Amino acid sequence: MDIAEEWLLADSAWWGAGRRFGRCALRLRDGVPAAAGPVATGAVPAGARVRRLGGTVLPGLRDAHVHCGLVDLREVRAGGIAEVHDLGSAPEVLEAHRRADPASLPGMRVVGAFLTAPRGYPGDRSWAAPGSFREVRSPLDAEAAVGEQRQAGAQAIKVALNSDAGPVFPAAVLVAIVTAAHAAGLDVVAHVEGPATTRLAAESGVDRLAHTPWTEQIDDALVADLARGTVWVSTLDIHGYGADTRQLRTATGNLRRFLEHGGVVHYGTDLGNGPLPLGVNPREVTALLATGLSPDDVLTAMTGPGGPVPPCWVPGGLDLEPGRFAGSLVLARVVDTVTHRLPTGVPR
């Protein structure tokens, strides 16, 4: 039997788009699921390395907006997040994480530095370390900037469009960034903040918004257009950290209409920005439920495309009743950080 392979026996599992299982088995290879999903326990071959989990197994949970240089990723993983998308950090920060023990960190996908207009956001922010942003001055410079981020290992490109905090790109420069990124096979994710920046992103062919727009109510026709061509990252909890605020209400309304038009949302918290839990954020989960999503929908927003990552586990079982769902999900843990404490060879 290959020592890189083991089987998990779980009381239950949720595995994408509302696929719920009772007692089942999941095959892992090198710590990550090696098959499409759970199977009947009778499919486990005789003599296999088996571990029993007395709870619910889930695909690896993802936070699609994290600033890795501003948080302890070990705590993020210990809090149940198997994969993070870093949306802007200095190269040396990312390199330090790549050199760290992978068993203690979540998987990581990165965008490299913020691309921004000269004197644009976030260049004047104290948290923006040297190297975490790169000013772009012309369409020709846009191609060079995209190439630099790709060379540094970026798996997407991030642009800063914050007209409330400084200059933003002329349309020609932004289009050049998007064109160069797409030619390199990279998506473009935009921080939009301030009047008309969401429309600028849409008209320039941006693929993702790093935040649900919160500074203005987006015109419904534009929301419908964005729902056909972009993915939004939620980041609702940063607008109050549990308190009711005008910004939260605006963002919630925009996201609700985006979803009604068929838009796709990814769970993301902007971790590193204010007092956010290191791990699954129950307030972000609750805020997503308030847009009209079901617990199944929220789980779909928290899992999905990305690199191969370990599954997660809710020890006491996941409660899918909406009023108890967030409190249940916050107990999730990354499987391969806990199974070493479980007995092997449990009889079926």
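Every residue gets a number counted from 1 within its own chain, in the order that chain's sequence is written. In keeping with the model being predicted, local features are shown solely for residues with a pLDDT of at least 70 and side-chain atom pairs are shown and tallied solely at 80 or more, while totals for entire chains, interfaces and linings include all residues. Note that water and hydrogens are dropped before the side-chain values are worked out from all heavy atoms of the structure.

Turning our attention to helix H8 (residues 282–290). Type-normalised accessible area, obtained with a 1.4 Å probe on protein chains alone, sets the label of each residue: buried when under 20%, exposed when over 50%, and partly exposed for intermediate values. Helix and strand definitions follow DSSP, with helices as H or I runs of at least four residues and strands as E runs of at least two, each counted in order from the N terminus. Regarding H8, the residues found buried are Glu284, Val285, Ala287, Leu288 and Leu289. Here, residues are in contact when the closest pair of their heavy atoms is within 4.5 Å. Against helix H7 (246–260), strand E15 (264–266), helix H9 (295–302) and helix H10 (322–329) lie the buried residues of H8. Pairing of N or O atoms within 3.5 Å defines a polar contact, subject to two protein rules: one partner must be a possible hydrogen donor and the other a possible acceptor, and residues neighboring in sequence count only if both atoms are side-chain atoms. Among the residues of H8, the N-terminal cap falls to asparagine 281, whose side-chain oxygen and the backbone nitrogen of arginine 283 are separated by 2.9 Å. Downstream of H8 by one or two residues, glycine 292 has phi in the positive range, about 110°.

A word on the packing of aromatic side chains. Pairing of aromatic rings covers Phe, Tyr and Trp, the last through its six-membered ring, and needs centres within 6.5 Å; plane angles under 30 degrees mean stacked, over 60 mean edge-to-face, and all others mean tilted. Counted by the stated rule, this structure contains four aromatic pairs. Taking the centre distance of 6.1 Å and the plane angle of 70° together, the rings of tyrosine 121 and tryptophan 127 count as edge-to-face. The class of tryptophan 127 is partly exposed, set by a relative accessible area of 33%. Relative to phenylalanine 258, the ring of tryptophan 232 lies with its centre 3.9 Å away and its plane at 5°, an arrangement referred to as stacked. Within this pair, whereas tryptophan 232 is found in strand E14 (residues 231–233), its partner phenylalanine 258 is found in helix H7, the two being separated by 26 residues in sequence.

Across the sheet, three strands lie side by side as E6-E7-E8; this open sheet has parallel pairing. Of all the strands in the sheet, just strand E6 (62–66) and strand E8 (107–110) have a single pairing partner and so form its edges. Going across the sheet, the axis of each strand differs from the next one's by a mean of 20°, ignoring polarity. Relative to E8, strand E7 (residues 83–86) runs parallel, the two sharing four bridges. The residue bridging histidine 85 from the neighbouring strand is arginine 109, located in E8. Every axis corresponds to a line fitted to the C-alpha atoms, with the helix fit spanning only the stretch in contact, and the corresponding angles, defined between N-to-C directions, vary from 0 to 180 degrees. Together, E7 and E8 form the strand contacts of helix H2 (residues 91–99), whose direction differs from that of E8 by roughly 155°. Between any two strands, pairing holds if DSSP finds at least two bridges.

Attention now moves to the nonpolar core. Core analysis: the largest hydrophobic core is formed by 75 residues, its most contacted members being Phe169, Ile177 and Leu329. It is helix H4 (residues 171–183) that contributes the most residues to this core, seven residues altogether. If we ignore the near neighbours within four places in the chain, the residues touching phenylalanine 169 are Leu115, Thr116, Ala117, Val136, Val159, Ala160, Leu161, Leu174, Ile177 and Leu200. Ranked by size, the runner-up nonpolar core spans 11 residues in total, among them Ala13, Trp15, Leu28 and Leu53. Definition of nonpolar core: a set of buried residues of the types Ala, Val, Leu, Ile, Met, Phe, Trp, Tyr and Cys, connected through side-chain atoms within 4.5 Å.

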